[in-house]
Amino acid sequence: MRTLTAICALLLALPASGLAQSGESTPGRELAELVYGSIEDSPNGAADMGEFVDFGQEIFVSMDSDESGSISLGEFTEWDFGFNFIAEDAGQARAYETAQKILFAIWDHDADGEIARREYQKSMVWDFRRADTDDNALLTRDEFLSGYVVNLAYRAAITGL
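Everything quoted here is computed from the prediction, not taken from an experiment.

1. What about the overall build of the protein?
Helix and strand content of the protein: 9 helices and 4 strands. The order of α-helices and β-strands along the protein, N terminus first, is α-α-β-α-β-α-α-α-β-α-β-α-α. Within the protein, the proportion of its 161 residues that are buried is 42%. Put simply, of all contacts in the protein between residues at least 6 apart along the chain, 63% involve residues at least 24 apart. Counting only carbon and sulfur atoms, one obtains 53% of the accessible surface of the protein, whose full area is about 8,500 Å².

Rendered as C-alpha cells:
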C-alpha cells in the first residue's frame with residue numbers, strides 16, 4: 001500500500017508538460033482523440049465542465065456493471081476504451097494494469113475499495129480543473145491530451161515514461 005501511495009503522489013506531482021504528448025500520431029493518441037471527440041460537442045472546439053462531467057457519468061454507468069452505484073476495482077479494470085490492447089501490443093500490459101490501479105486509488109477518496117458516484121464526480125471535476133491549464137473553464141483537445149490524468153497515466157504506462 002505504501003508503494004501505491006508513493007506512486008500516486010508521484011503521478012499527481014508530475015507536471016503535465018513533463019509528460020506532454022508530441023504531435024506524432026500513435027494508436028494511443030488516436031484513441032485519446034476519439035475519446036475527446038465523444039466529450040466535446042460544442043461548436044467552439046472545447047469542452048466545458050458540464051460536457052466533461054456528463055460524459056464521465058455515462059462512463060460511470062457503463063463501468064458499474066452490477067448497478068450498485070459504485071465501481072469496484074474489478075469493474076474498473078475490466079472496463080476499457082481499448083488502451084489495454086495498445087498496452088499489450090507495446091509489451092506494457094503489466095505497467096498498464098498498474099496505471100489502472102493507481103487511477104482507481106486516486107479516485108477512491110475514502111480508500112474503501114470502491115469508487116462511489118460522488119467520488120467519481122468529484123474526481124471528474126478535479127481532473128478537469130487540473131487539465132484546464134489556461135484556467136478558462138474550457139478543455140481544449142490539446143489540454144485533454146496533455147493534462148487529463150487518465151491520458152497521463154496510460155501514456156506513461158504504455159510508453160514507459
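2. Structural notes on the environment of Ser-38
Assignment of secondary structure puts Ser-38 in helix 2 (residues 27-39). Through-space distance from the C-alpha of Ser-38 to that of Glu-51 is 9.6 Å; in sequence the pair is 13 residues apart.

3. Side note on the packing of helix 3 (residues 49-63) against helix 7 (residues 117-131)
The geometry of a pair of packed helices is captured by two quantities: the angle between their axes and the separation between those axes. Where helix 3 meets helix 7, the axes come as close as 10 Å, and the angle between the chain directions of the two elements is 140°. What the angle tells us is that helix 3 and helix 7 run oblique. The handedness of the crossing between helix 3 and helix 7 is right-handed. Each of Met-49, Phe-52, Val-53, Gly-56, Gln-57, Ile-59, Phe-60, Val-61 and Met-63 in helix 3 lies in contact with helix 7, whose residues at this interface are Arg-117, Tyr-120, Gln-121, Met-124, Val-125, Phe-128 and Arg-129. Class assignment of the residues belonging to the contact of helix 3 with helix 7 gives a composition of 11 nonpolar, 3 polar and 2 charged.

4. Topic: the nonpolar core
Where a protein is soluble and globular, its nonpolar side chains tend to be buried together. Counting 41 residues, the largest nonpolar core has Trp-107 and Phe-144 as its most contacted members. Here this core takes 7 residues from helix 6 (residues 93-107), the largest share from any one element. Apart from residues no more than four positions distant in its own chain, Phe-144 is found in contact with Ala-32, Val-35, Tyr-36, Ile-39, Phe-52, Leu-139 and Asn-151.

5. Comments concerning unusual backbone geometry
Of note, Glu-67 is a non-glycine position whose phi angle comes to about 55°, a positive value. Residue position: Glu-67 is located in the loop between helix 3 and strand 2 (70-72). For Ala-137, which is not glycine, the phi dihedral falls at a positive 65°. Following the sequence through the fold, Ala-137 ends up in the loop between helix 7 and strand 4 (138-140). The exposure class of Ala-137 is partly exposed, given its relative accessible area of 47%.

Scoring rules and cut-offs
Residues numbered from 1 in each chain as written. Predicted model: local features only at pLDDT ≥ 70, side-chain atom pairs only at ≥ 80, totals over all residues. Heavy atoms only, no water. Helix = DSSP H or I, 4+ residues; strand = E, 2+ residues; numbered from the N terminus. Buried < 20%, exposed > 50% of the residue type's maximum accessible area, 1.4 Å probe, protein only. Contact = heavy atoms within 4.5 Å. Areas by Shrake-Rupley, 256 points an atom, 1.4 Å probe, with all protein chains shown as cover. Axes fitted to C-alpha atoms, helices over the stretch in contact; angles between N-to-C directions. Parallel < 35°, antiparallel > 145°, perpendicular 65-115°, else oblique. Left-handed = near helix turned anticlockwise from the far one by under 90°. Nonpolar A, V, L, I, M, F, W, Y, C, P; charged D, E, K, R; others polar. Core = buried A, V, L, I, M, F, W, Y, C linked by side-chain atoms within 4.5 Å.

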